[in-house]
Amino acid sequence: MSTDPDMNAILGFMPPFAETMGITVDHLHNGLPVMAFDYGTQVMGRPGFLHGGAMSGLMEIAAIAALRVTVAADEPAVRIKPVNITINFMRGGREARTYALGEVTRIGRRVANVEAKAWQDDPAKPIATIFMNFLLSSPKPA
């Protein structure tokens, strides 16, 4: 993982559960962070498979990271609030490193839509996808 300022800024917003699960920024893809974690007891569901909540958490972090990177250029202090989430599990995650990448599909003044996908060996074969809607607002005055 690189230690450039963009990656450090992304790591700075992550909630405590991300550290517990071992989520890191693996690399940047077209300026967007690719989040990842390694298989272990902290993300294990039934033996040999990822827990669905671990996959969901990874994709949620990837979606938020993509939105943060996208809005940072225009409004670095914007507040984002998730309002809706849809998760599609496509296949079981196995004992392997898992990646997730978020992509902002629509952004307006008050609402943003983000899609993220998780994969293991091949990004063209996702194991799960997530669609999230966010409410955007200005930071609270001090």
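Scope of this entry: the structure provided in the associated data block.

## A look at a nonpolar patch on the surface
Right, so step 1: Where nonpolar side chains cluster on the molecular surface, the patch consists of Val83, Val111 and Leu135 and spans about 210 Å² of accessible area.
Right, so step 2: Inspection of the secondary structure assignment puts Leu135 in strand S6 (residues 128-137).
Right, so step 3: A residue is classified by how much of its surface remains accessible, and Leu135, at 31% relative accessible area, is partly exposed.

## Structural notes on the packing of aromatic side chains
The description of two aromatic rings rests on the distance between their centres and on the angle between their planes.
Right, so step 1: Going through the model one piece at a time under the given rule, you end up with one aromatic pair.
Right, so step 2: Arranged with centres 5.8 Å apart and planes meeting at 20°, the rings of Tyr99 and Trp119 form a pair that is stacked. Here Tyr99, found in strand S4 (residues 98-107), pairs with Trp119, found in strand S5 (residues 111-119); they are 20 residues apart in sequence, far enough to count as distant. As far as the burial class goes, Tyr99 and Trp119 line up, both buried.
Right, so step 3: Across the ring face of Phe49, the terminal group of Arg46 is positioned such that the distance to the ring centre comes to 3.9 Å.

Reading the values: rules and limits
Residues numbered from 1 in each chain as written. Predicted model: local features only at pLDDT ≥ 70, side-chain atom pairs only at ≥ 80, totals over all residues. Heavy atoms only, no water. Patch = residues over 30% accessible without salt bridge, like charges linked within 9 Å, V, L, I, M, F, W, Y side chains within 5 Å. Areas by Shrake-Rupley, 256 points an atom, 1.4 Å probe, with all protein chains shown as cover. Salt bridge = Lys/Arg side-chain N within 4 Å of Asp/Glu carboxyl O. Helix = DSSP H or I, 4+ residues; strand = E, 2+ residues; numbered from the N terminus. Buried < 20%, exposed > 50% of the residue type's maximum accessible area, 1.4 Å probe, protein only. Phe/Tyr/Trp six-rings, centres within 6.5 Å; stacked < 30°, edge-to-face > 60°. Lys NZ or Arg CZ within 6 Å of the ring centre and 35° of its normal.

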